[in-house]
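Chain by chain, the residues:
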Amino acid sequence: IQMPASLIAGGGTYGLNTGDLRLTLRAAPAALSDVRFLYPPLPADGSLAADIAVTWHGKTQDYVARNLQLRTGSARASGRVGVTMGDSMRFHDTDVTFSTVDTHLIAEVAPAMRIPGHGALSGHAVMTGPMSALTLRTDVTYDDDLAGSSRVTAAGEVGIGEAFRARDLTIT
């Protein structure tokens, strides 16, 4: 698929009777402005390069991006992300390095998320599991415009749902 500022190649199958879908795509790269129709809150500025796999089977959807290179404004992200959505959301194969991700950008892309203050996040995150039992290993620096820089590392399991819970979690 050739778009004004994008090149996307790949293939797939769609089950006419089942609605099941399997796509493998290579964005080399894709301009965010060309793909905003897929998710309108995406910023117009920036690009994405990745090997992408999409699988829909019944009520379950799985999305994987490998060899990810994402940029918008001063924000950068690289690595791989895997998310399965069905009755719940589950991360798998997720290992991302990111820099200068502004809280205004997060609010733009995820309008339901409320972030106090203003600053930018940089670091590394490895995640696997459902939101109710998410195993993570992170090293994140937050540069707050008013309060300055703070860094946190975390390793263990957190549960996010009706209540927050932690198991074997080490925070420094």
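In short, a report on the structure. (Residues numbered from 1 in each chain as written. Predicted model: local features only at pLDDT ≥ 70, side-chain atom pairs only at ≥ 80, totals over all residues. Heavy atoms only, no water.)

**What about the overall build of the protein chain?**
Defined as follows: Helix and strand definitions follow DSSP, with helices as H or I runs of at least four residues and strands as E runs of at least two, each counted in order from the N terminus. Only protein chains enter the calculation, and the probe is 1.4 Å; a residue is then buried if its accessible area is under 20% of its type maximum, exposed if over 50%, and partly exposed in between.
A count of helical and extended segments in the protein chain gives 2 helices and 11 strands. Secondary structure elements of the protein chain occur, N-terminal to C-terminal, as β-β-β-α-β-β-β-β-α-β-β-β-β. Oriented by its inertia axes, the alpha-carbon framework of the protein chain measures out at about 50 × 35 × 25 Å. Taken over 172 residues, the protein chain has a buried fraction of 33%.

**Here's the deal with the pairing of strand β7 (residues 89-102)**
What counts, and what does not: The rule for pairing is simple: two strands pair if DSSP sees at least two bridges between them.
Both strand β6 (residues 75-85) and β7 contribute to a ladder of 9 bridges, which runs antiparallel. When the sheet's bridge partners are listed, Ser-78 is paired in β7 with Thr-97. Linkage of β6 to β7, two consecutive antiparallel strands, is achieved through a turn of 3 residues. Relative to strand β8 (residues 119-130), β7 is paired through 9 bridges, and the arrangement is antiparallel. By the bridge assignment for β8, Arg-90 is matched with Pro-130.

**Concerning the sheet that holds β7**
Neighbouring strands of a sheet are bound in pairs by backbone hydrogen bonds; such pairs are parallel or else antiparallel. Read from one edge of the open sheet, 11 strands run β1-β2-β3-β4-β5-β6-β7-β8-β9-β10-β11, paired in antiparallel fashion. Edge positions in the sheet fall to β1 (2-3) and β11 (164-171), since each of these pairs with one other strand and no more.

**Looking at unusual backbone geometry**
Note that the residue after Ala-28, namely Pro-29, is joined by a cis bond; omega there is -20°. Non-glycine residue Asp-93 carries a positive phi angle of around 50°. Examined against the element boundaries, Asp-93 turns out to sit in strand β7. Take Asp-93: its relative accessible area is 38%, and that puts it in the partly exposed class.

**So, the side chain of Thr-138**
The line we're drawing: It only takes one pair of heavy atoms within 4.5 Å for two residues to be counted as in contact.
Here Thr-138 lies in strand β9 (residues 134-144). Leaving out residues up to four positions away in the same chain, Thr-138 has contacts with His-124, Ala-125, Val-152, Thr-153 and Ala-154.

**Some details on the pattern of salt bridges**
Charged atoms that come close allow side chains of opposite charge to pair. We count it as follows: Whenever Lys or Arg places a side-chain nitrogen within 4 Å of a carboxyl oxygen from Asp or Glu, that contact is recorded as a salt bridge.
Summed over all chains, the structure comprises 5 salt bridges. In this structure, Arg-151 engages Asp-139 in a salt bridge whose closest nitrogen and oxygen atoms are separated by 2.5 Å. With Arg-151 in strand β10 (residues 148-160) and Asp-139 in strand β9, this residue pair connects regions lying 12 residues apart in the sequence. Judged by its relative accessible area of 56%, Arg-151 falls in the exposed class. In the salt-bridge network here, residues are joined through shared partners; they are Glu-157, Arg-165 and Arg-167.

All we've got here are geometric facts, nothing functional implied.
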